[in-house]
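Understanding the architecture of this molecule
Single-letter residue listing:
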Amino acid sequence: MSITQGTVSSSGTAVYTSTNATAITAVFLMNDHSGTVVIDVHVVKSGNTAAASNKIIKSLSINAADSYVLDTEKLLFDNGDFLYVNADVDAVVHATISHIGL
């Protein structure tokens, strides 16, 4: 199992890009801001861009100093597929992604 970490920008960030076939086992999104931050999360097929059609979470509010954990179902990725997150406040949401190769 491996971990990838990154900080989410207000213009959007590919917080994880698959190399070969992988599975995301958990995603932790931590709000390190003094106020509530709203995020969107996309699962994007290689060669595509983040759009309404691949959004899996829309306008999720994360309270100050709180985290959201996405771990109910595993996400299976092919080579080049990616997890994309954008936030309404720049550089205050930190992502930790746990993943394994298949």
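Given the structure is predicted, the values throughout are model-derived calculations rather than measurements.

**Considerations on the sheet that holds strand β2 (residues 13–17)**
Judged by pairing direction, the sheet is antiparallel, and its four strands sit side by side in the order β2-β8-β4-β5 without closing on themselves. At either margin of the open sheet sits one strand with a lone partner, and together these are β2 and β5 (55–62). Here the average twist between neighbouring strands, direction ignored, is 20°. Judged from the six bridges that link them, strand β4 (residues 37–44) and strand β8 (residues 82–87) form a sheet pairing that is antiparallel. Bridge pairing in β8 places Val 44 opposite Phe 82.

**Here we look at the nonpolar core**
Grouped together as the largest cluster of nonpolar side chains are 20 residues, with contacts concentrated most on Leu 29, Ile 39, Leu 83, Val 93 and Ile 97. Every element with two or more residues in this core is listed here: β2, β3 (22–31), β4, β5, β8 and β9 (93–101). Among residues more than four places away in sequence, those in contact with Leu 83 are Thr 13, Ala 14, Val 15, Tyr 16, Ile 24, Val 27, Val 41, His 42, Val 43, Phe 77 and Ile 97.

**Some remarks on the environment of Ser 98**
Relative to the elements of secondary structure, Ser 98 occurs in strand β9. Taking the C-alpha atoms as reference, Ser 98 lies 22 Å from Val 37; in sequence the two are 61 residues apart. With sequence-adjacent residues up to four places away left out, Ser 98 is seen in contact with Met 1, Ser 2, Ala 23, Ile 24, Thr 25 and Ala 26.

**So, the pattern of salt bridges**
Under the criterion given, the structure shown has three salt bridges. In this structure, the salt-bridge partner of Lys 55 is Asp 40, at a minimum N-O distance of 3.7 Å. With a gap of 15 residues between them, Lys 55 in strand β5 and Asp 40 in strand β4 connect regions that are remote in the sequence. Since its relative accessible area comes to 14%, Asp 40 is described here as buried. The partner of Lys 45 in a salt bridge is Asp 81, with the nearest N and O atoms 3.9 Å apart. Separated by 36 residues along the polypeptide, Lys 45 in the loop between β4 and β5 and Asp 81 in the loop between β7 (75–77) and β8 bring together distant segments of the chain. According to the relative accessible area criterion, Lys 45 is partly exposed, its value standing at 45%. Each member of the salt-bridge network shares a partner with another, and the members are Lys 45, Asp 78 and Asp 81.

**Description of the side chain of Ser 18**
Looking at the element boundaries, Ser 18 is found in the loop between β2 and β3. Looking at Ser 18, its side chain comes within polar contact range of the side chain of Thr 22, at 2.8 Å. The contact partners of Ser 18, leaving out residues within four places of it in the chain, are Phe 77, Asp 78, Asn 79, Gly 80 and Asp 81.

Here is what the cut-offs are and how they apply
Residues numbered from 1 in each chain as written. Predicted model: local features only at pLDDT ≥ 70, side-chain atom pairs only at ≥ 80, totals over all residues. Heavy atoms only, no water. Pairing = 2+ DSSP bridges. Helix = DSSP H or I, 4+ residues; strand = E, 2+ residues; numbered from the N terminus. Axes fitted to C-alpha atoms, helices over the stretch in contact; angles between N-to-C directions. Core = buried A, V, L, I, M, F, W, Y, C linked by side-chain atoms within 4.5 Å. Buried < 20%, exposed > 50% of the residue type's maximum accessible area, 1.4 Å probe, protein only. Contact = heavy atoms within 4.5 Å. Salt bridge = Lys/Arg side-chain N within 4 Å of Asp/Glu carboxyl O. Polar contact = N/O pair within 3.5 Å; in protein donor to acceptor, adjacent residues only side chain to side chain.

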